[in-house]
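This is what each chain is made of:
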Amino acid sequence: MRNVDIVIIGSGIAGGLLARQLRLACPDLGVLVLEAAPAMEDYKVGESTVEVAANYMVRRLNLGTYLYQHQLPKNGLRFFFDSEAKDLPLPRMSEIGSDHMPFHPSFQLERARLERDLVTMNRAAGAEVELGAKVVDVAIDGRGRHRVVYEQGGERREVACRWVCDASGRRHVLFRKLGVKVHKETRLNTAAAWGRYRGVAGLDAVTDAAWRSRARYTARHLSTNHFMYDGYWIWFIPLAGDLMSVGVVFDKDRIGEGSGAALPGPRTRADFERFLGAHRAARELLEGAELEDFQSYAHLPYHAEQYFSTDRYAVTGEAGAFTDPFYSPGSDFIATANEFITQMILSDVAGDRAGFEEKVAAYDAYYRFKYDSTLRLYERMYPMFGSFELYRLKYLLDFNNYYNLVVWPFMADRVTDVGWIREELRFTDLVLRALSTMGEHFASLARDLAARGEYFAQNEGRFANGLNGVAQLETRLGPAIDEGFRREQVDRAYGSVFAALVERRLGEQGLSDRARLVSELKLPQVLVFRDITPERLTRLLERIAERMTRELRGEFPDAGVERVELGAGGEVSVTGPAAGTSTHAAVLSRARALWDASAGSLAHIAL
């Protein structure tokens, strides 16, 4: 029986990147990759990466030159919004997107090519990669050597190893052999269908001058382009060469069979093409293009109860969990899991048993939290996808939190620091509650706008720069963490967005950029603001007025200031100084200046 240090099941993107990382970090360890496919030719979904995965590939795996030479740079995320009738031409659709390449790179990946190239690179780096090697049995021995049995070329072979890492995707090879249950997620009921088209002219082929100049002629083609609708979204992702990945992800409770939707979710190739054809923008983009292949998943999200074990096994990528492709988090999960696995193996082979066990416990808890928080990010989103007005605010909050709370710690190598993880896990309940609370506020406003007939009101002719919420982080992100600044950004993002929700929900114009109001809506205050009602707003304004009263008494000690009152529509009144006197005018002017001071709300910043 052969002996190796580490067996990786699967040589897709998760297993291929893990093998490269282990060879770079642990060159003395033997790595064997067993891939069931005889050749890396399978078209796989998941082409779009975001900043964590890109940072991992460029900084940790030294793949920057390869990615720029053989894959496509990505021009961020871009979102388009349609009329209720789905008949707007592309240049008239409201849009969220940048007018220049984002300040941290990401990429669009042609997965089959990347996975083929990783086989070559990993073999050159000293890893053994066996293709056509189907794992048929795994025996885990926590005190000795594991045994992995695989079939290749009609022969049955065995290998002994210290570590088994499963990167087999939705086949869940290791969990099936161990009898570990993989749970179908019920909080998010989504499905997907997709294919690759050849001959798509692309978004940059649109010649409307005003539309092109709106984004300063930057390549919309290179973005992950989302066409947003109530209950579903359509993606257009360019691939190297003459290929475009096009897909639909839909909430089966709103679009699928039994939902009562006029447009059922696509399950077959014919359904898929018919579904896309019902949308003018998608239909026009695909005119003359040829659908090369088609795939679908009947259900997307699932999770396990454990991902890493002190018995020296681990899972990465879709072998463990999956949430939803919106925001392209799949490769971020891979980057995080691979970082964890590498650190656990380093501690184990160094003989640091206490450190190894400590890492397994911390990393497993954090990975489960990462799944749960990501799932809660999505679980109420689908009903609000079709409204530019709503989603602009949701994206502003999500993008800020992603850069601040996810990208920055990864770039600073905090995500593998056990002490940092323990500190983060102290706030698990707070984070999950914040996601659920904001999700419900957005869902409630979506229902209100639909009832008022205003859901689609801003879906034509508007443009929001997608970098608005993170521009202040451009010079901050790096190897040094500024925890005070991070906390300030959390409060600023939640305050800015929540104030805008209050203004829209209650029809109180002029509230959302007032510094006094936004400063009262830090994250802890937002979490106790369970319902957005006139009564809750009145109590909030009374509290702000009391603070302003105390300040004015301090500034004008002889004026006899009794009370400041804040009313609807930005009205301010002061009682105490006699009306018509210069003292009253001076106090009132100062009160108005305090109330009118801008918050610099992220919801109002325009780049």
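Residues take numbers from 1 onward in each chain, read along the sequence in its written order. In keeping with the predicted nature of the model, local features appear solely for residues at pLDDT of at least 70, side-chain atom pairs appear and are counted solely at 80 or more, and the whole-chain, interface and lining totals rest on all residues. Computation of side-chain values covers all heavy atoms of the structure but excludes hydrogens and water.

Draft legend 1. Fine view of the pattern of salt bridges. A side-chain nitrogen of Lys or Arg and a carboxyl oxygen of Asp or Glu constitute a salt bridge if their distance falls within 4 Å. By the definition in use, this model includes 47 salt bridges. The salt bridge involving arginine 422 is made with glutamate 358; its shortest N-O contact spans 2.8 Å. Residue arginine 422 is found in helix H12 (residues 418-425), and its partner glutamate 358 is found in helix H10 (residues 353-378); the two are separated by 64 residues along the sequence. By relative accessible area, glutamate 358 is classed as partly exposed at 33%. Several salt bridges share partner residues, and in doing so they unite Arg59, Arg60, Glu339 and Asp413 into one network. Helix and strand assignments come from DSSP, with helices taken as H or I runs of at least 4 residues and strands as E runs of at least 2, each series counted from the N terminus. Exposure categories follow from relative accessible area, calculated using a 1.4 Å probe and restricted to protein chains: below 20% of the type maximum is buried, above 50% is exposed, and the middle band is partly exposed.

Draft legend 2. Inspection of the side chain of glutamine 489 at higher detail. With respect to the helices, strands and loops of the structure, glutamine 489 is situated in helix H14 (residues 483-506). Overall, the relative accessible area of 5% leaves glutamine 489 in the buried class. Counting of polar contacts relies on pairs of N or O atoms within 3.5 Å, with two restrictions inside protein: one atom must be capable of donating a hydrogen and the other of accepting it, and residues adjacent in sequence are counted only when both atoms are side-chain atoms. A distance of 2.6 Å separates a polar atom in the side chain of glutamine 489 from a polar atom in the side chain of glutamine 472. If sequence neighbours within four positions are ignored, glutamine 489 has contacts with Asn400, Asn404, Gln472 and Leu473. Here a residue-residue contact requires only that any non-hydrogen atoms of the pair lie within 4.5 Å.

Draft legend 3. Inspection of the nonpolar core at higher detail. The biggest cluster of nonpolar side chains holds 170 residues, and the ones touching the most others in it are Phe308 and Tyr391. Looking at this core, the element that brings in the most residues is helix H11 (residues 388-411), giving 14 residues. Counting 30 residues, the second largest nonpolar core, distinct from the first, contains Phe80, Trp211, Phe272 and Leu286. Here the nonpolar core consists of buried residues drawn from Ala, Val, Leu, Ile, Met, Phe, Trp, Tyr and Cys, with membership extended through side-chain atoms lying within 4.5 Å.

Draft legend 4. Representation of the packing of helix H17 (residues 534-555) against helix H18 (residues 582-596). Working convention: axes come from line fits to C-alpha atoms, limited for helices to the stretch in contact. Angles between N-to-C directions cover 0 to 180 degrees. Where H17 meets H18, the closest approach of the two axes is 11 Å, and the angle between their N-to-C directions is 130°. Relative to H18, the element H17 lies oblique. Crossing of H17 against H18: the hand is right-handed. Residues Leu541, Ile544, Met548, Glu551, Leu552 and Glu555 of H17 form the contact with H18, whose participating residues are Val587, Arg590, Ala591, Leu594 and Trp595. In the contact of H17 with H18, the residues fall into eight nonpolar, no polar and three charged. Convention used here: angles under 35 degrees read as roughly parallel, angles over 145 as roughly antiparallel, angles from 65 to 115 as roughly perpendicular, and any remaining angle as oblique. Two helices cross in a left-handed way if the nearer one is turned anticlockwise from the farther one by less than a right angle. They cross in a right-handed way if the turn is clockwise. All amino acids are sorted into three groups, where Ala, Val, Leu, Ile, Met, Phe, Trp, Tyr, Cys and Pro are nonpolar, Asp, Glu, Lys and Arg are charged, and the leftover types, Gly among them, are polar.

Draft legend 5. Region of the structure containing the pairing of strand E22 (residues 572-575). Of the two faces of E22, only one is covered, namely that formed by Val572 and Val574; the face formed by Ser573 and Thr575 stays uncovered. Taken together, the four bridges between strand E21 (residues 563-566) and E22 define a ladder with antiparallel strand orientation. Bridge assignment links arginine 563 to a residue of E22, and that residue is threonine 575. At least two bridges found by DSSP between two strands is the condition for calling them paired.

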